[in-house]
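Per-entry structural report
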Amino acid sequence: MPQQALLVMDVQQVVADRFPAPDYLPRLSKAIDAARAGGVPVIYVVVGFRPGYPEVSSRNKMFRGLVGAATRPAADDRATQVHPEVAPAPGETVVTKRRVSAFAGSDLDMVLRAGGIDHLVLTGIATSGVVLSTLRQAADLDFEVTVLSDGCLDSDPEVHRVLTEKVFPMQAEVTTVDEWVAAL
C-alpha cells in the first residue's frame, strides 16, 4: 500500500500575502488537519536562501533580482516562515529549497525515501510554479502524485484551470480537498 505525504509548498506569509484568496488558507488547513488525523505525514516546503544569496546565479531570471535587494531574508526571517494559519505542528518536517521545484536544492527526496513515502499529495502557491515543477520532477522520480486542485493557488485563474484540468492529469490524479479528505 502506498505511503502518502501531504506537501504544503511555498505557503509562506510573504507569498500568501500576494495572493488574496480568503477561502484558500481555511481550505488548506482542512487538508492538513485531515492528514494529521489520518496519520499522513505533512511536509512543509519553503523557498529560502543564505544571507548574501550565494545560491543565486546571475543567470537565474527568477531569483537574480534578490541579489542586492534592500531586503535580504535570512534563513530565520519572516520570508521563510510558513503562514501561521497553516503552520507546522511540532515535529513536522520543514524542507528549504533553493529553486522552484520542491526537490531543487533541497533534501526532500532523502526525507521521502527515508520515510518510505512513495505517493505525494501536492498543495501550494503557485500552481504554475512550485506545484507544476514539483509534479514534473516527482513523476520523473517515479512517485505517485495527487494534486489537490483547490489546495493550490495561482495569480492567473486561467493558468490554474488549464494546469489542473488539462496538464496535471497526464501525470497525476487531480482531486479536491473535500474529495481527498473523504477518501482518507
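Scroll up to find the structure this text is about.
Attention in this report is confined to the structure presented alongside it. Please read all numbers here as calculations on a predicted model, not as lab measurements.

Quick word on the overall build of the protein
- When helices and strands are counted, the protein shows 6 helices and 6 strands.
- Ordered by position from N to C terminus, the α and β elements of the protein give β-α-α-β-β-α-β-α-β-α-β-α.
- Considering the protein as a whole, with its 184 residues, one finds that 47% of them fall into the buried category.
- Residue pairs in contact within the protein that sit at least 24 positions apart in sequence constitute 79% of those at least 6 positions apart.

Overview of the pattern of salt bridges
- Inspection of the entire model under this criterion finds 9 salt bridges.
- A salt bridge links Glu-92 to Arg-36, with the nearest nitrogen and oxygen atoms 2.8 Å apart. Of this pair, Glu-92 sits in the loop between strand S2 (42-47) and strand S3 (93-97) while Arg-36 is found in helix H2 (residues 24-37), placing the two residues 56 residues apart along the sequence.
- Arg-36 gets classed as partly exposed once you look at its relative accessible area, which sits at 32%.
- Linked by salt bridges that have partners in common, Asp-23, Arg-27 and Asp-150 make up one network.

Some words on unusual backbone geometry
- Put simply, Ile-125 and Ala-126 share a cis peptide bond, and its omega is 15°.
- By the element assignment, Ala-126 lies in the loop between strand S4 (119-125) and helix H4 (127-140).
- The residue Asp-142 is not glycine, and still its phi comes out positive at about 70°.
- Topologically, Asp-142 is positioned in the loop between H4 and strand S5 (144-153).

A word on the sheet that holds S3
- With respect to topology, 6 strands assemble into an open sheet ordered S3-S2-S1-S4-S5-S6, the strand pairing being parallel. With partners counted over all chains shown, the strands left at the sheet margins are S3 and strand S6 (173-175), one partner each. Along the sheet, successive strands turn relative to each other by an average axial angle of 25°, direction set aside.
- Contacts from H2 reach strand S1 (4-9), S2, S4 and S5 within the one sheet, and its direction differs from that of S5 by about 145°.
- Packed on one face of the sheet, H4 meets S1, S3, S4 and S5 and runs near 165° to S4.

Conventions adopted
- Residues numbered from 1 in each chain as written.
- Predicted model: local features only at pLDDT ≥ 70, side-chain atom pairs only at ≥ 80, totals over all residues.
- Heavy atoms only, no water.
- Helix = DSSP H or I, 4+ residues; strand = E, 2+ residues; numbered from the N terminus.
- Buried < 20%, exposed > 50% of the residue type's maximum accessible area, 1.4 Å probe, protein only.
- Contact = heavy atoms within 4.5 Å.
- Salt bridge = Lys/Arg side-chain N within 4 Å of Asp/Glu carboxyl O.
- Pairing = 2+ DSSP bridges.
- Axes fitted to C-alpha atoms, helices over the stretch in contact; angles between N-to-C directions.

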